[in-house]
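# Coordinate inspection notes
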Amino acid sequence: MAQKENSTYKRINHGFGPCFDSESEILVLGSFPSVKSREVSFYYGHPMNRFWPVIAKLYGKEVPITKEDKVSFCKDIHFALYDVIDSCDIVGSSDVSIKNAVVTDLFPILEGSKIKLIVLNGKKAGALFEKHQAPALNGRVPYVVLPSTSPANAAIKFETLCEKWKEALSPYCAQMRND
């Protein structure tokens, strides 16, 4: 029975808004929250997602555990978090199953912060952003598509993720570790 449920499309709304403040400089966009992220109402909630460990390593900080710690962490390093998709039909957490997507409105974040780089966490986020959101930005903010930190992208080693993310972020992040 559970197997059948996991293979059924469901219409899902994002469920929680962006994490940002007026000092945010880097906007990280995923595709759509995973089942685990939706359960905890915050970004990269799956315990095997490597987003928090990668960013913590790059900034020489402890990996935040609680939602409150993650929000504080983002504020400390001037990160904003959101997703490209506001609602869609999806099977579980599968990015490849996404259809009938409605994209998020990025302009409140861009207008209410100091975003100088948009980072797309994974190919699906990148493809959706390039199709639906990049044209409206008209080159206003540079963006980069990076390898996904998702557990579904386990073929990429942790060290490789760190290298790729550091290479993209370091020109924009003065407080990043330089070792």
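The notes below deal with the structure included here.

Thresholds, definitions, all that
Residues numbered from 1 in each chain as written. Predicted model: local features only at pLDDT ≥ 70, side-chain atom pairs only at ≥ 80, totals over all residues. Heavy atoms only, no water. Buried < 20%, exposed > 50% of the residue type's maximum accessible area, 1.4 Å probe, protein only. Helix = DSSP H or I, 4+ residues; strand = E, 2+ residues; numbered from the N terminus. Contact = heavy atoms within 4.5 Å. Salt bridge = Lys/Arg side-chain N within 4 Å of Asp/Glu carboxyl O. Pairing = 2+ DSSP bridges.

### As for helix 3 (residues 51–59)
The buried count for helix 3 comes to seven of nine residues, which makes it a mostly enclosed element. Those residues of helix 3 that sit buried are Phe51, Trp52, Val54, Ile55, Ala56, Leu58 and Tyr59. Packed against the buried residues of helix 3 are strand 2 (26–30), helix 4 (67–77), strand 3 (79–83), strand 6 (117–121) and helix 8 (158–169). Where helix 3 terminates, the next one or two residues include Gly60, which has phi positive at roughly 65°.

### Section: the environment of Leu27
Relative to the helices and strands, Leu27 resides in strand 2. For Leu27, a relative accessible area of 0% translates into the label buried. Sequence separation between Leu27 and Leu81 is 54 residues, and the spatial gap between their C-alpha atoms is 5.8 Å. Once residues lying within four places of it in the same chain are set aside, the contact partners of Leu27 are Ala80, Leu81, Tyr82, Leu106, Ile109, Ile115, Leu117, Ile118 and Val119.

### Here's the deal with the pattern of salt bridges
Under the definition given, this model contains five salt bridges. Between Lys114 and Glu23 there is a salt bridge, with the nearest N and O atoms lying 2.8 Å from each other. Taken together, the positions of Lys114 in the loop between helix 5 (107–111) and strand 6 and Glu23 in the loop between strand 1 (10–13) and strand 2 put the pair 91 residues apart, joining distant regions of the chain. A residue is classified by how much of its surface remains accessible, and Lys114, at 44% relative accessible area, is partly exposed. Assessed through its relative accessible area of 34%, Glu23 is described here as partly exposed.

### Details of the pairing of strand 4 (residues 85–90)
The element strand 4 is largely enclosed, with a buried count of five among its six residues. Where strand 1 meets strand 4, four bridges bridge the pair, whose relative direction is antiparallel. For Ile12, the partnering residue across the bridge sits in strand 4 and is Cys88. Two strands pair when backbone bridges link them, and strand 4 and strand 5 (residues 99–103) are joined in this way by three bridges, in the antiparallel orientation. Residue pairing for strand 5: Ile85 is matched across the bridge by Val103.

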